[in-house]
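# Observations on the three-dimensional arrangement
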Amino acid sequence: MKGRPLRRTADIQMPAIILNGKETAAAIKAEVAAKTAQNTRTDRAPCLAVILVGEDPASQVYVRNKKNACAACGFRSAEYLLSADTSEADLLALIADLNADDTVDGILCQLPLPGQIREQAVIDAISPEKDVDGFHPVNAGRLLTGQDCFMPCTPAGVVELLRRAGVPMAGKHCVIVGRSNIVGKPAALLMLRENATVTVCHSRTENLKETVRTGDIVIAAVGRANFITADMIKPGAAVVDVGINRLPEGGLCGDVDFAAASEVAGWISPVPGGVGPMTIAMLMKNTLLAYENRRLLK
Ligand code: GUN
């Protein structure tokens, strides 16, 4: 056996390789910053407009992280902090202004929104060319039909994390738990693009445990702490945890029982430090893409 490289198989068990989103995101942001430094020798910096309605503490943290990432990439960020009682009409008017503003490349309105504002109306109002979240129906349709588009940042971050870790995807069975428009459904399309065989499970799935256990890759996007237990993981599988659940005693945890699952999985992403930073890194990539597309049109 001497000199032979170690292979990870279902038969050789060792603790899982950590899918380190923090490090991978830092590498992606450094790539974006290098391209931006080159572009800004002759042109203005990319600009992301971030809108936050209300004072939800979690959303405030996400918006702050996005702003810091913009600074790290050499982007300008424009923050619009609106009161919780903002009307839908006022928000749509702001978005119309930002759509028309030639110095703004990307527009992001942090979700969730207060009850008086229809989220879909807001998503539909953002120009598809500035939709760096990839939520607009034009971008969703382009993703579905395999055309160039802005990819939703969280599932794009999941796939990039797997790709950069060298996890095989082509021909593998990917089980996604969750069917949201933001994560589950686009993750299925992105994994199909990687030539994976895809199953999407949800709250009404029968035999959930058995189905998840057939996954070579499991993407957990349920929004329930420790929902995915070690007995649901196929030995050697890659497990990507999209969940960000706040514990009553403080702190964060994912949808996967990390301690137990990491004894079974081949690869696993932690929370925090897994998918969260990757989402922001992909937002930076999308903003750079929006900027480059707009420069080409000039
Ligand atoms: N809320 C939670 N995740 C996201 C995201 O990726 N984009 C926006 N705009 N809001 C969110």
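Above this text you will find the structure in question.
Attention in this report is confined to the structure presented alongside it. Keep in mind the model is a prediction, meaning the values are calculated, not measured.

### Concerning the overall build of the chain
- Along the chain, the regular secondary structure elements total 10 helices and 11 strands.
- For the chain, the spread of C-alpha atoms along the three principal axes comes to 60 × 45 × 40 Å.
- Counting all 298 residues of the chain, 47% fall into the buried class.
- Taking the intrachain contacts of the chain between residues at least 6 apart in sequence as the baseline, contacts between residues at least 24 apart amount to 72%.
- Here the chain displays about 14400 Å² of accessible surface, and carbon together with sulfur accounts for 54% of that area.

### Focus: the nonpolar core
- Among the nonpolar cores identified, the biggest contains 50 residues, and Leu 48, Leu 162, Met 191, Ile 217, Ile 219 and Met 284 are the most heavily contacted of them.
- Top contributing element to this core by residue count: helix α10 (residues 275–297), with 10 residues.
- Once residues within four sequence positions are removed from consideration, Met 284 is found in contact with Lys 29, Val 32, Leu 48, Lys 66, Ala 69, Cys 70, Cys 73 and Phe 75.
- In this structure, Val 212, Ala 220, Val 264 and Ile 268 belong to the second largest nonpolar core, which totals 19 residues.

### A closer look at the site of the ligand
- Taken together, Leu 108, Cys 109, Gln 110, Leu 111, Asp 133 and Phe 135 form the complete shell of residues around the ligand.
- One of the backbone nitrogen or oxygen atoms of Cys 109 is found 2.9 Å away from a nitrogen atom of the ligand.
- Between a nitrogen atom of the ligand and a side-chain N or O atom of Asp 133, the distance comes to 2.6 Å.
- With the chains in place, 81% of the 280 Å² that the ligand exposes on its own is no longer accessible.

### Concerning helix α3 (residues 88–100)
- Here α3 spans 18 Å end to end across 13 residues, near enough to the 18 Å set by a 1.5 Å rise per residue.
- Among the residues of α3, Glu 88, Leu 91, Leu 94, Ile 95 and Leu 98 are the ones counted as buried. Seen end-on, α3 carries its buried residues on one side only, within an arc spanning 125°. α3 presents Ala 89, Asp 90, Asp 97 and Ala 100 as exposed residues on the side facing more than 90 degrees away from its buried surface.

### Some points on the packing of helix α6 (residues 153–164) against helix α7 (residues 184–193)
- Between α6 and α7, whose axes approach to 9 Å, the crossing angle comes to 35°. Once α6 is placed against α7, the crossing between them reads as right-handed. On α7, the residues that touch Pro 155, Ala 156, Val 159 and Leu 162 of α6 are Pro 186, Ala 187, Leu 190 and Met 191.
- Residue composition of the contact of α6 with α7, by class: 8 nonpolar, no polar and no charged.

### Digging into the sheet that holds strand β3 (residues 76–82)
- If you walk across this open sheet you meet the 3 strands as β3-β2-β4, and the pairing is parallel. Sheet topology places β3 and β4 (106–109) at the edges, where each strand pairs with a single neighbour. Neighbour-to-neighbour, the strand axes of this sheet turn through a mean angle of 15°, independent of strand direction.
- Relative to strand β2 (residues 47–53), helix α2 (residues 57–73) is tilted by about 170°, and along the sheet it contacts β2, β3 and β4.
- On the sheet, α3 packs against β2, β3 and β4 and is oriented at approximately 180° with respect to β2.

Each value, and the rule that gives it
Residues numbered from 1 in each chain as written. Predicted model: local features only at pLDDT ≥ 70, side-chain atom pairs only at ≥ 80, totals over all residues. Heavy atoms only, no water. Helix = DSSP H or I, 4+ residues; strand = E, 2+ residues; numbered from the N terminus. Buried < 20%, exposed > 50% of the residue type's maximum accessible area, 1.4 Å probe, protein only. Contact = heavy atoms within 4.5 Å. Areas by Shrake-Rupley, 256 points an atom, 1.4 Å probe, with all protein chains shown as cover. Core = buried A, V, L, I, M, F, W, Y, C linked by side-chain atoms within 4.5 Å. Near = heavy atom within 4 Å. Polar contact = N/O pair within 3.5 Å; in protein donor to acceptor, adjacent residues only side chain to side chain. Expected span 1.5 Å × (residues − 1). Arc of directions from axis to C-beta. Axes fitted to C-alpha atoms, helices over the stretch in contact; angles between N-to-C directions. Left-handed = near helix turned anticlockwise from the far one by under 90°. Nonpolar A, V, L, I, M, F, W, Y, C, P; charged D, E, K, R; others polar. Pairing = 2+ DSSP bridges.

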